[in-house]
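Letter by letter, the chains look like this.
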Amino acid sequence: MSAHDHAEGQLPHQPETATMEGRNKILGFWIFLGAETVLFGTLFSAFLALRHNVMDGPHASELFELPMVFAATMILLTSSLTSVFAVQALHSHKKQAMVGWLIVTILLGLCFLGLEIYEFKNYVHEGHGFTTSAFSSSFYTLVGFHGAHVAFGVLWIGLLIAQIYKKGLTVVTAPKIYVSAIYWHFIDVVWVFIFTVVYLMGKVG
Amino acid sequence: MSSNHSATGEEAKRHRTEGPKKHIVAFVMSLALTIIAFAAVAAGEINTTFTYIIIVGMAILQVFVQMAFWMHMKDRGHVFPIIAILTGVFIVITMVIMATYWVWW
Amino acid sequence: MDWLTTVDHKKIGILYMIAGLFFFLIGGLEAIVIRVQLMKPMNDVVSGDTFNELITMHGTTMIFLAAMPLLFALMNAVIPLQIGARDVAFPFLNSLGFWTFFFGGVLLNLSWFANAVPDAGWTSYVPLAGPTFNSGHGVDYYVIGLQIAGIGTLLGGINFMATIINMRAPGLSFMRLPMFTWTIFITSALIVFAFPVLTVGLVALMFDRLFEANFFETGNGGSSVLWEHIFWVFGHPEVYILILPAFGVISEVVSTFSRKRLFGYSSMVFATVLIAFLGFMVWAHHMFTTGLGPVANGLFSIATMLIAVPTGVKIFNWLFTLWGGSIRFTTASLFAIGFIPTFVMGGVTGVMLASAPADFQYHDSYFVVAHFHYVIVGGLIFGIFSGLHYWWPKMFGRMLNEGIGKITFWTFFTGFHLTFFVQHFLGLLGMPRRVFTYLPNQGFDTMNMISTFGAFFMGIGTIAFLLNIFITWSKPRNAAADAWEDGRSLEWTIPSPPPEYNFKQTPLVRGYDAWWKEKMEGKTAMTPAEPVGPIHMPSPSILPLYMSIGLFIAGYGFMYDNLFVGGAGLLITFSGMFLRSVFDDHGFHIEPEDQDKGVHA
Amino acid sequence: MMNRWHAMKRLLPLMAGLMLILSACGRKDLSTLNPQGPVAETQYNLMKLSIGIMALVVVVVFAICIYVLIKFRRRKGDKTIPKQVEGNHTLEIIWTVIPLVLLLILGVPTIQHVFGLAKDYTNDKNAIQVKVTAHQYWWEFEYTDYGITTAQELIVPTGKKVEFQLASADVKHAFWIPAIGGKMDNNPGVNNRMYLEFPNEGVFRGKCAELCGPSHALMDFKAKAVSPASFDRWIAAMKAPAVMPADKEIADTFTAQCLSCHAVGEKGEKTAPNLTGVGGRQTIAGILYNDETPIEDNLRKWINNPQDVKSGAMMPSAADNGLTPEQIDGIAKYLAEYKLNYEQ
Ligand code: HEA
Ligand code: HEA
Ligand SMILES: [Cu+2]
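Here we summarise the structure given alongside this text. Not measured: the values here are computed from a predicted model.

## Comments concerning the overall build of chain B
- What chain B contains, in helices and strands, is 4 helices and 0 strands.
- Buried positions account for 37% of the 105 residues belonging to chain B.
- Taking the intrachain contacts of chain B between residues at least 6 apart in sequence as the baseline, contacts between residues at least 24 apart amount to 53%.
- In the structure as shown, chain B presents an accessible area of about 5900 Å², 71% of it carried by carbon and sulfur atoms.

The structure is reproduced here in structure tokens:
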């Protein structure tokens, strides 16, 4: 396993699956995403069960500001596209381009987080605090879990960028990049449902 | 497990030259689906059940698009990922039914 | 020190076993106290509060900290060997999984010393477990302890799924996998898909308790029924997580000791998958009296009953494996053979419970207690005992003493039936479960006495098992590779205990029952699938222990509202993750000339 | 083979006999095996059917098991290798289809009774409507059509459907009268409902069947079925003005200390059990039997320190209430004599 000595040109064209470790990592990660599906599914179920119980707080249809959420959705979608570009760069062994796309991805992720925090602040202001009602608790838990995933993704990809600089693109680092990209898409997919189930359906009533 | 990483040179070439085109198409499709859903709600005139169907339908379509293209699930060697996700989805569906029907009966 | 840093699946298996047995003794001791309290009417050995703490800790400890780790012990000790692998897919995660489970369990049990013990039953129904009616720290221990232990379990599940998919020896296709490996594969899948549900439930309960959220606070729009759903969506698959590996053990043991191929292998595989699948659609049979209405009750009744069919397929396949065989009665096979009728008795009472209108009578009575101890103790614990006796030589290189083993079996077996058979009738005569005492003259007295008496017998059986371990420990390590002589799968082709790298050369598998097939063709070893060469091994690491201690500290911090300590704990864990990510593990190689050194050490 | 079946034939009646003996025992007012009403009867029939099916399954499995173990044990030194059988399709079909048929036999009545027992009599004029509110360790019964409330002892007329609304004032409980019918949960937040019928007069034991705290084991109640005429008299007696202690001082103490939570007749509050006619009940606090110990002793014991009887009970002790021994005696005597005369 002398991965470090590989010149970039000698990397196999899909370096992420070149080693047993790499293949294990990707498979294991997919299984983990299966578990995450159920995790978010449960949070969604809890939210669906409780979403009409607003007590004294505002109702979803009064609360949500769709345009801002729509903007956040667009940002996250775009970041998913940039992360897929990073993987393409990985496959053609263009280290610089890959790092570039990854940086764009985490910047977009940060924008998304910023918007979300701003949004939460507004809601709290309007009397929709974490402890207001069952609706509010389940709302913040679901959306907050997603936000925490985004934040974790940003940190993780950031760390990977640093590793790429230090260690180069190798059969050890490639699976990590690939897996983080899948993670990022997964978060995006979850958001599609949050946007639909929490915000759009909330607005409809 | 036979792994297909030892692809022929030809395949490798095809892969390497594969441009960003299909991903941009997927992106545009995702955008369109989001906007349709958004518009259905913003319009606010359609009846509620119908709106629900539209927006949930758009979300499901979009997930297919993203999983297939961006998460490479349409590529070879993704049998177990597909099983993993589908099993998860199956359980989620039972739970959502539970949450919508049986928590408040 | 070696043991704290090991990433070797065989050693981790042993760690799981020691921890699991330890918690089994604790849970068993709690059971004994429960039984002593219930020995006679209006007894006052313990108070109502203490009793509720005892049953909660007994149920929780037994299920999460004894039964599951003992299964993980078998899985770790055996699966890589059965599939001809040098290790699991993620050795590091394997070790992390063990340590998180262990510290979660320790945290839960420290509640006894903090004098704040969870007391709302192992099901922790709200609002009894919620902040309004349970303001002490007791349930916090439950929530946080299980959360941490649950991470370990989930990691284990992912690891074994990936291992079985990716690490099989050449030629070992899915339909050639030994039955135990199959059941572990399906069990791991159940873990992967069921544990996240528990995670969310526990998070929600934790938020309610620590941060004043309102998931289950009925006064603020929360729903107590939601908790029941979440708990049982997890909880029912959990019982199959427990029993499927036992099914696997029984399949191996029955087949080995009757010298016969497992009858109906492919239908066994199919039945396993079907049980797991149906297992996700029956959870509401624990909630027939919650008031979900006749439609839900009817649906869930029928779905539940259907599970009897694939399970029956298994039972009859075992019986017909024995049929026409040449059955040898070792301790392992006695436990396996004792399992079959006992589990059937537990299974059929399950089907009785599945009939919703009748369950209105059975529910929360001792009938249910009898049902689940029949399937859990008579099923799962028998299976674990069977597996431990069977694979003991493989794990430790020594045989357990058969004489003491038989004493273990007969005392445990009789004690078991004495304890739990009468409980069916207690339930039918109107005795609710989870009662710390009962009034005299209700017709409960004699049967409770018998039940308590039986529990002591089980205690003696357990002690006999421990004695067996201690007595044989001083014996030389001389078990043969194929210790029972009739071994059928790959683990019996390598020395007992196996060398660090398991297989010097990865074996080539040419059919189902790989080793048996070679033996029948007169071979004395497997055909290798690769030349002798240097073997790559992962390096040991202290990080799993370090990260788990971090979670442990964090748990304590959050529980006692000390965000500083909580944050520090999380920081420890994250720093461990950081180090793991940044410093690549290049492992080391064992060169061919060193491969025979230290074997059988 | 033949004589094994003989052995089986001898075993079967033995087992049946065992069942009979066991089902014969059990208290008439408590056991589910001794049903005293149509609901429990239905459930009992279903139980019998399922026990029959299960006994059949168990017997078959045991028989094969015993046969195999005797016939196919390994003799000493036996080195032969048995034939390695892969499977057998006919057999596999048999043990898939037969269980399915057995389940069908159980499944049909199950579905039938699931819907049958869920019948709603809320709007039935002839049914008695009772709202059952479970509290930590005691039961409140409110007769919504009559505007009266009692506690711990449910009084119902024979021959009528009784429709229960099940509610909880705190945690989850479950309402269960084994001899009359199965249980149903009292969920906080949402109400459940179920109906029962009491064809025979008598007092039946009721239990809480859901863990509700340290004294869950002691949360018993009684269901007393009386003739319709007696029931009407009981309703009238409950509506009559409260009987207060004759002694003025005791009456004042009782009003000040007890009626701040309890009620008698039209007086008092609803946060603790209604005491109207408490002297006529079978038990104090649901578990102190007045036919075993004199009722006054039971009352004194309870008033003195409820925690000794039911730990976690909400009622303050006599010391906390500032009651002197004389006052306790006076109140106990008054309550012991407070009977409603409705059974003739
Ligand atoms: C290892 C654990 C385990 C296993 C394997 C099972 C197996 C089954 N369980 Fe059990 N169960 C528990 C553990 C387990 N259970 C626990 C812990 C609880 C209580 C939790 C609590 O409240 O604390 C519980 C409670 C429980 C209830 C809720 C009772 C109540 O609270 O009111 C029900 C109801 O349907 C039920 C049903 C079943 C059924 C139908 C099976 C089936 O899988 C059984 C299938 C097997 C057979 C049927 C035998 C073999 C088959 C044949 C020989 C074929 C022919 C048979 C027929 C035609 C019948 N179980
Ligand atoms: C894997 C699961 C498992 C196992 C193995 C057991 C094993 C046993 N259980 Fe358990 N039980 C549960 C899971 C399990 N149980 C669950 C989930 C509940 C429900 C809890 C709830 O209601 O919330 C329950 C409830 C429960 C009750 C009902 C309590 C109630 O409702 O009030 C009873 C009562 O008899 C009981 C008894 C026993 C007994 C006698 C054993 C015996 O088999 C134990 C045998 C083992 C021993 C006897 C060990 C002896 C060890 C020694 C003697 C060594 C001495 C000690 C040291 C040196 C430290 N259990
Ligand atoms: Cu279940």
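## Description of the pairing of strand E9 (residues 202-208) of chain D
All names here are of chain D.
- Across the 7 residues that make up E9, a large majority, 5, are buried.
- Bridge count between strand E6 (residues 173-177) and E9: 2 bridges; the pairing is antiparallel. What sits directly across from Trp176, in E9, is Lys207.
- Where E9 and strand E10 (residues 221-226) come together, 5 bridges link them in antiparallel fashion. Paired with Gly206 across the bridge in E10 is Phe221.

## Quick notes on the interface of chain D and chain C
- Of the residues lining the interface, 87 residues belong to chain D; the matching set on chain C comes to 90 residues.
- Taken together, the two surfaces of chain D and chain C that pack against each other cover about 7500 Å², and 71% of this comes from carbon and sulfur.
- Taken as a group, D:Arg74, D:Trp95 and D:Leu211 account for 11% of the area that chain D buries against chain C, more than any other trio of residues on that side.
- Seen at the junction of chain D and chain C, the total is 3 salt bridges.
- Applying the counting criterion to the chain D and chain C interface returns 28 residue pairs in polar contact (both at pLDDT 80 or more).
- Going through the elements one at a time, helix H2 (38-71), helix H3 (89-116), strand E7 (181-186) and E9 of chain D are the ones with two or more residues in the side of chain D that touches chain C.

## Some details on the sheet that holds E7(D)
Residues and elements named next belong to chain D.
- Taken together, 5 strands build an open sheet; the order of strands is E4-E10-E9-E6-E7 and the sheet is mixed. Of all strands in the sheet, those with a lone pairing partner are strand E4 (153-157) and E7, marking the two edges. When strand polarity is set aside, the average angle formed by the axes of neighbouring strands in this sheet is 25°.
- Helix H4 (residues 228-239) contacts E4 and E10 of the sheet and is inclined by roughly 130° relative to E4.

## Digging into the coordination of the copper ion (ligand 3)
Residues and elements named next belong to chain C.
- Here the copper ion (ligand 3) is held by His236 (ND1), His285 (NE2) and His286 (NE2), and the distances to it run 1.8 to 2.1 Å.
- In terms of primary sequence, the donors binding the copper ion (ligand 3) are separated according to H-x48-H-H.
- Between the copper ion (ligand 3) and the iron atom of ligand 1, a spacing of 4.5 Å is present. With His236 in helix H7 (residues 224-257) and His285 in the loop between helix H8 (265-279) and helix H9 (294-306), this residue pair connects regions lying 49 residues apart in the sequence. The pair formed by His236 and His285 is uniform in burial state, with each residue classed as buried.

## A short note on the packing of H9(C) against helix H10 (residues 308-322) of chain C
Residues and elements named next belong to chain C.
- Direction vectors running N to C along H9 and H10 enclose 10°, while the axes themselves pass 5 Å from each other. Between H9 and H10, the crossing angle belongs to the class labelled roughly parallel. Residues Thr304, Met305 and Leu306 of H9 form the contact with H10, whose participating residues are Ala308, Val309 and Pro310.
- In terms of residue class, the contact of H9 with H10 is made up of 5 nonpolar, 1 polar and no charged.

## Brief notes about the packing of aromatic side chains
All names here are of chain C.
- For the structure shown, the criterion picks out 109 aromatic pairs over all chains.
- Residues Tyr362 and Phe367 carry aromatic rings whose centres are separated by 4.5 Å and whose planes lie at 20° to one another, so their mutual orientation is stacked.
- For Arg398, the ring lying beneath its charged end belongs to Trp473, and the centroid distance is 4.6 Å.
- Lying over the aromatic face of Phe92, Arg580 brings its terminal NZ or CZ to 3.9 Å of the ring centre.

## Looking at the site of ligand 2
Residue and element names in this part refer to chain C.
- As a matter of local geometry, ligand 2 sits amid 33 residues, with Arg35, His58, Trp122, His373 and Arg434 nearest to it.
- Gln423 places a side-chain nitrogen or oxygen 3.3 Å from an oxygen atom of ligand 2.
- At 3.1 Å, a side-chain N or O of Arg433 approaches an oxygen atom of ligand 2.
- Counting only elements with at least two residues in the shell around ligand 2, the list comes to helix H2 (9-37), helix H3 (48-82), helix H13 (366-396), helix H14 (402-428) and helix H15 (445-473).
- Broken down by element, the residue count for the shell around ligand 2 peaks at 8 residues, all from H2.
- Taken together, the residues of the shell around ligand 2 sort by class into 22 nonpolar, 8 polar and 3 charged.

Rules behind the numbers
- Residues numbered from 1 in each chain as written.
- Chains lettered and ligands numbered in written order.
- Predicted model: local features only at pLDDT ≥ 70, side-chain atom pairs only at ≥ 80, totals over all residues.
- Heavy atoms only, no water.
- Helix = DSSP H or I, 4+ residues; strand = E, 2+ residues; numbered from the N terminus.
- Buried < 20%, exposed > 50% of the residue type's maximum accessible area, 1.4 Å probe, protein only.
- Contact = heavy atoms within 4.5 Å.
- Areas by Shrake-Rupley, 256 points an atom, 1.4 Å probe, with all protein chains shown as cover.
- Pairing = 2+ DSSP bridges.
- Buried area = accessible area lost by both parts, 1.4 Å probe.
- Salt bridge = Lys/Arg side-chain N within 4 Å of Asp/Glu carboxyl O.
- Polar contact = N/O pair within 3.5 Å; in protein donor to acceptor, adjacent residues only side chain to side chain.
- Axes fitted to C-alpha atoms, helices over the stretch in contact; angles between N-to-C directions.
- Donors = N, O, S within 2.8 Å, 3.2 Å for Na, K, Ca; no water.
- Parallel < 35°, antiparallel > 145°, perpendicular 65-115°, else oblique.
- Nonpolar A, V, L, I, M, F, W, Y, C, P; charged D, E, K, R; others polar.
- Phe/Tyr/Trp six-rings, centres within 6.5 Å; stacked < 30°, edge-to-face > 60°.
- Lys NZ or Arg CZ within 6 Å of the ring centre and 35° of its normal.
- Near = heavy atom within 4 Å.

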